[in-house]
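# A structural walkthrough
Below, each chain spelled out in residue letters.
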Amino acid sequence: MVARADFDYSDGAKGAAVRFTGRLTLARLGDLPARLDELGPIESLDLSQIERIDTVGAWIVTRTINDHGATVTGASPEARRLLDALKDDKSAFRVHRDRRSAIERMLDQVGLASIAIWRELIGIIDFFGAMIVSLFVQIRARRRLRWNAVVTRFQAVGVDALPIIGLMSFLIGIVIAQQGAVQLEQFGLEVFTINLVGRASIRELGLLMTAIMVAGRSGSAFAAQIGTMKLTEEVDAMRTIGVSPMEAIVLPRVAASTITMPLLGFYASLCAIAGGGVFCWVGLDIPPLTYVQRLREIIPMTDFYIMLIKAPVFGILIGVTGCYEGMQVRQNAEEVGKRTTSAVVAAIFLVIVLDAFFAVFFSSLGWN
Amino acid sequence: MSEEVQAEIKEELAAADAVRPEKFEYAIRIRGLRNQFGDAIIHDNLDLDVRSGEILGVVGGSGTGKSVLMRSIVGLQTPTAGEIEVYGKTLDTITDAEESRDLRRRWGVMFQGGALFSTLSVAENIQVPLREYYPRLDQRLLDEIAAYKVSMVGLPPDAGPKYPAELSGGMVKRAGLARALALDPALLFLDEPTAGLDPIGAAKFDELIRELADTMGLTVFLITHDLDSLYATCDRVAVLAEKHVIAVGTIPELLATEHPWIQDYFNGPRGRAAANCKQAVERQDGKS
């Protein structure tokens, strides 16, 4: 075994005279710094007996010189070189950010988060405005909307989502019917399960669940795609060539999600109704024909209109939020992940808030 | 002091004895290396020795597998055939996790893009290897080590708490170098350290590498495209072409060989410019 870093010492006039032995390197340091600290004042350091020294060893020596005003003797040329490299004042070199108290940090975070939410809201509205302007510019310049891009997005946002949205809605239809039936049975009114499933699906749930799914599937994809394009400077390249990113990237995506949402929402409602129908048939012995007939009697046309009015608005919202967050990506890859998350969270949150407004609004119109 | 701590120290010291770089004449020995991706053979029957204490430049055209060679040596890429010995140990045959850790802390690797951990500040990046291998170092010493490493690689005093995203390209490279040097390794791998730097920054970086290698007694494996770097820093140069090392030697030795690629490389317009520049500098040094 090779000698570890060690030292012996004798008492001098102004403190200990320390003589290092062994190898003064990081790998063999052991508890030497701690033991050295216990010595108290140190007058001199003798390096003549050491076998090797690296920068950590040299730093220990330098530190002792700075702290105790110790003198160094017996340094080999290598040791001298290392000591010279380290001898400049290092006190200006900072390692940590400034520390603050917990309360201060909490207030700081609350403040910053509030500002961030406010900025985000303004940013999305701003972005929406810029998009509308860009749309009008495009129309006035008689440039055609990029239908190829729209169709590609349409495939990704709409067609590819059909299986998962269909399955989800079908199951939700079953759940609503089953839970509703349990409650209504107590009053002998299980036939009203049809009202429950039919109206809830068309008016609210079909579309709302679709919006959440689309925000998760496509809003996030928009943010991630555009964010990556920002990182690789594709967006900047587009601008320098003279292609407007709004026209080439944002509009097709928003158009696709706006067109898709009513279709998907209607499809989801039908699937939920089908799920409810299956439960009514199997669980409540209501034959499908009766089920359909009853649906036609109880669902007013206004429920369908409500869905058709809400759907494109949700589509625009999801598209704009996703594209906006993607465009905000700067600096590094980590940002892409963060922005993707906030695209989904913001889209779902805004959709639900808006849905509440719509519910109150349409009720006041008398569309019950 | 508790017995537990004593035992830990003892373990640490035993680990330190496992690999002792200064005993070896050659830091790296490669024999018959073969790397293959599907049908594409990158290296075939490649031999290379890196002497302890030298700065070896590795050059070669794009796609000749310089980075793959480095990745093979540090164990990121398992060779199809052949043997790579680093300080007398063959990575392939090391099965013991401890043993491979002992070897790993003898080298530092600086990747082309810096590869700094983006969620950690520069100082924390430097402390990562220290914490990993020497968990008992106290925070004060860790901070001091981070501070002097930052200063050694020529970063400004306020660089320590900054995050990689806040640094310029040149600073990222320096921070990457600082992390590679965190454990005071005997062997340093540099993958295109001057790529993407402006000529002034590149020249300063060359100088820094030379200076650090001299002060710390480093062995350096330097992959580069930069002819000025070769002239400024390298003791010897290995030329990678035709799937193996076609020549190793000092630049004058290489110039004496007949191989067309080497002649093209060093005697092309850029090669001559770098050589002239070097001569001019030497004349100036001679006068003063």
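As shown above, the structure is provided for reference.
Figured I'd write up the structure that's included with this text.

## Re the overall build of chain B
Counting its secondary structure elements, chain B contains 11 helices and 10 strands. Expressed as a percentage of its 288 residues, the buried residues of chain B come to 41%. Of all intrachain contacts in chain B linking residues separated by at least 6 positions in sequence, the fraction that spans at least 24 positions is 68%.

## A closer look at the interface of chain B and chain A
With 31 residues of chain B at the contact, the number on the chain A side is 31 residues. Listed by contribution, the elements that provide at least two residues to the side of chain B that touches chain A are helix 1 (3-18), helix 5 (139-152) and helix 7 (199-216) of chain B. Among the elements that make up the side of chain B that touches chain A, the one with the highest residue count is helix 5 of chain B (10 residues). Classifying every residue of the side of chain B that touches chain A gives 19 nonpolar, 6 polar and 6 charged.

## What about the packing of helix 7 (residues 193-231) of chain A against helix 10 (residues 288-298) of chain A?
Residues and elements named next belong to chain A. For the pair helix 7 and helix 10, the least separation of the axes is 10 Å and the interaxial angle reads 65°. In the crossing of helix 7 with helix 10, the sense of the turn from one axis to the other is right-handed. Packed against helix 7, whose contacting residues are Ile-194, Asn-195, Gly-198 and Arg-199, the element helix 10 presents Tyr-291, Arg-294, Leu-295 and Ile-298 at the interface. Looking at side-chain class alone, the contact of helix 7 with helix 10 contains 4 nonpolar, 2 polar and 2 charged residues.

## Here's the deal with the sheet that holds strand 7 (residues 187-191) of chain B
Residue and element names in this part refer to chain B. The mixed open sheet is built from 6 strands, whose spatial order is 6-7-8-3-9-10. Two strands close off the open sheet at either side, each with one partner strand: strand 6 (107-110) and strand 10 (244-249). Taking each pair of neighbouring strands and ignoring which way they run, the sheet shows an average axis angle of 15°. In the sheet, strand 9 (residues 236-241) pairs with strand 10 via 5 bridges, with the strands oriented antiparallel. Looking at strand 10, one finds that Leu-240 is bridged to Val-245.

## Description of the sheet that holds strand 5 (residues 89-90) of chain B
Residue and element names in this part refer to chain B. In spatial order, the strands read 2-1-4-5; together these 4 strands make up an open sheet with antiparallel pairing. Each having just a single partner strand, strand 2 (40-51) and strand 5 make up the two edges of the open sheet. By the bridge criterion, 2 bridges tie strand 4 (residues 81-86) to strand 5 in an arrangement that is antiparallel. Opposite Glu-85, over in strand 5, you have Thr-90 as the bridge partner. Sheet strands in contact with helix 2 (residues 66-73) are strand 1 (26-37), strand 2 and strand 4, and its direction is about 115° off that of strand 1.

Cut-off values and rules
- Residues numbered from 1 in each chain as written.
- Chains lettered and ligands numbered in written order.
- Predicted model: local features only at pLDDT ≥ 70, side-chain atom pairs only at ≥ 80, totals over all residues.
- Helix = DSSP H or I, 4+ residues; strand = E, 2+ residues; numbered from the N terminus.
- Buried ≥ 20, exposed ≤ 12 C-beta atoms within 10 Å, placed from the backbone.
- Contact = placed C-beta atoms within 7 Å.
- Nonpolar A, V, L, I, M, F, W, Y, C, P; charged D, E, K, R; others polar.
- Axes fitted to C-alpha atoms, helices over the stretch in contact; angles between N-to-C directions.
- Left-handed = near helix turned anticlockwise from the far one by under 90°.
- Pairing = 2+ DSSP bridges.

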